[in-house]
Amino acid sequence: MFPFRGVDYMEIDSLLSDEEKLVRRTVREFVDKEVIPHIEEWSREGRFPRHLVPLMGELGFFGANLQGYGCAGMSNVQYGLIMQELERGDSGLRSFVSVQGALVMYPIHAFGTDEQKGRWLPALQQGKAIGCFGLTEPDFGSNPAGMRTRAVKDGDHYILNGEKTWITSGTIADVALVWGRAEDGIRGFLVERGTPGFTSKAIKGKMSLRASVTSSLALQDVRVPASAMLPNVKGLKGPLACLTQARYGIGWGALGAAMACYNESLEYAKTRKQFDEQPIASHQLVQAKFADMITEITKAQLLALQVGRLKDQGRADFAHVSMAKRNNVKIALDIARAARDILGANGVADEYPIFRHMCNLESVYTYEGTHNIHTLIIGERVTGIPAYK
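Scope of this entry: the structure provided in the associated data block. Along each chain, the written sequence defines residue order, and numbers are assigned to residues from 1. Owing to the predicted nature of the model, reporting of local features is limited to residues with pLDDT of at least 70; listing and counting of side-chain atom pairs is limited to 80 or more, with chain, interface and lining totals taken over all residues. The basis for the side-chain values is all heavy atoms of the structure; hydrogens and waters are excluded.

**Section: the overall build of the protein**
- What counts as a helix is a DSSP run of H or I of at least four residues, what counts as a strand is a run of E of at least two, and both are numbered from the N terminus. Helix and strand content of the protein: 11 helices and 7 strands.
- In terms of overall size, the protein behaves like a compact globule, its C-alpha atoms giving a radius of gyration of 21 Å where 389 residues would be expected to give roughly 21 Å.
- By the convention used here, residues are in contact when the closest approach between their heavy atoms is within 4.5 Å. At a minimum sequence separation of 6, the contacts of the protein that also span at least 24 residues come to 75%.
- Method for areas: the Shrake-Rupley scheme with a 1.4 Å probe, in which residue coverage is limited to the protein chains shown. Here the protein displays about 16900 Å² of accessible surface, and carbon together with sulfur accounts for 51% of that area.
- The distance from the centre of the 45 positive side-chain charges to the centre of the 43 negative ones in the protein is 4 Å. For this measure, only C-alpha atoms enter the radius of gyration; the expected value for a globule follows 2.2 Å times N^0.38, where N is the number of residues. Only four residue types enter the tally: Lys and Arg on the positive side, Asp and Glu on the negative side; His and the chain ends are excluded. A single reference atom marks each charge: NZ on Lys, CZ on Arg, CG on Asp, CD on Glu.

**Digging into empty space enclosed by the protein**
- Here the term cavity refers to a set of points on a 1 Å grid, laid over the protein atoms alone, in which a 1.4 Å probe fits but cannot get out; the term pocket refers to an open set having protein on both sides within 12 Å along at least five of seven lines, with lining residues being those that place an atom within 4 Å of a point. Grid points are joined across faces, edges and corners, and a volume is the space filled by probe spheres set on the points. If you walk through the whole model with that rule in mind, you get 1 cavity of 30 Å³ or more.
- Estimates place the volume of the largest cavity at around 30 Å³.
- In this structure, the largest cavity is lined by Asn 65, Leu 66, Gly 101, Ala 102, Tyr 106 and Gln 245.
- Looking at which element gives the most residues to the lining of the largest cavity, the answer is helix α5 (residues 91-111), with 3 residues.
- By residue class, the composition of the lining of the largest cavity is 3 nonpolar, 3 polar and no charged. Gly is put with the polar residues, along with every residue not named as nonpolar or charged; the nonpolar set is Ala, Val, Leu, Ile, Met, Phe, Trp, Tyr, Cys and Pro, and the charged set is Asp, Glu, Lys and Arg.

**A few points about the layout of surface pockets**
- Size it by volume and the largest pocket reaches roughly 1200 Å³.
- What lines the largest pocket is a set of 38 residues, among which Gly 141, Ser 142, Arg 247, Glu 368 and Gly 369 lie closest to the centre.
- Contributing elements (two or more residues each) for the lining of the largest pocket: α5, β1 (131-134), β3 (157-168), α7 (237-271), α10 (354-366) and α11 (371-383).
- Per-element accounting of the lining of the largest pocket gives the leading share, 5 residues, to α5.
- Class assignment of the residues belonging to the lining of the largest pocket gives a composition of 19 nonpolar, 14 polar and 5 charged.

**Points about helix α1 (residues 18-35)**
- Multiplying one less than the number of residues by 1.5 Å gives the expected span of a helix. The end-to-end C-alpha distance of α1 is 25 Å, a good match for the 26 Å that 18 residues give at a rise of 1.5 Å each.
- Only protein chains enter the area calculation, which uses a 1.4 Å probe; residues under 20% of their type maximum are buried, those over 50% are exposed, and those in between are partly exposed. Listed in full, the buried residues belonging to α1 are Glu 20, Val 23, Arg 24, Val 27, Arg 28, Phe 30, Val 31 and Val 35. End-on view of α1: buried residues confined to an arc of 160°, all on one side of the axis. Across from the buried face of α1, at angles greater than 90 degrees, the exposed residues are Asp 18, Glu 19 and Lys 33.
- Residues of α1 that are buried sit in contact with α2 (39-45), α3 (53-58), α4 (76-89), α5 and α8 (284-312). To be clear, the arc concerns the directions from the helix axis to the C-beta atoms.

Okay, here's the thing in structure tokens:
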């Protein structure tokens, strides 16, 4: 892999504060030292680098844009830059941090009781506990309203039954935030590891996100106290609010993968010689690819930054986030494919990071709202007419 020095065609750095650049530099150094030298081995072996969890907690990555309970209290732009640099290392690593912060810590912080916050947030922030988010089911991904998981009140307890799948960190989680249909609507429950009837199983055979844990969850007559329910949210707006938080981070994260592929293919093209001992970077068709790549990266940088600024002002909503997630993941996947083409046969070898990023981005393109679902969200926003059915 070639050294990474950043990608900034349009002086985007001039739009960042010194504090934002410091956060980016800190995470970049972490990724260069702790992730890049080992990630191909972890991906090849299908191994999640769990030993990095305490260090990431110490650096403040988990719940970085939340206030209190040991959280770093960063701005949303700073948080976005963390996601960007982590995904430059690997989408699976960024996914783990996204789930821990945006899908587990955020809902406890926003919708939980003081007791739930005090018990879980400091432990999750430090990486002493790991969480997962149980929404997607075997038959319901893009349509979470159809979920079959049920929560039946029984005195001062609830009985949970159902299945969840494609759950990041499911088999290593100490607590699962499980969404189920109760009598008064969809509710979220904090289900601890070891609760009778609650089991998890790793999903094997993945060709994507191999350095990440992906699992299925099963709940069979799982009895949890009523105090395990998040009391301050009801209905789909709960899980959808969580997804908006995660999608925001993905909009930045995909940029990191795009930058990694662009940088690797550019440095390769300047050293790889073909035809009259000239570097392939001198070829018109190759330069056309780089012109497209850097243009799309620059537009995506500006989009992510503007959504981040709006979010810090309390003015960003889910449709803004959908545009960032949809656009930035799409251009990252296109860039990964173009970069693979520039490397030729070398592009499929894990001596280089491009094919790994390309495979990872296939999952990122689908999860946290598919590309098509985000298309319809934007379409509804501009027309005022929903077209999901």
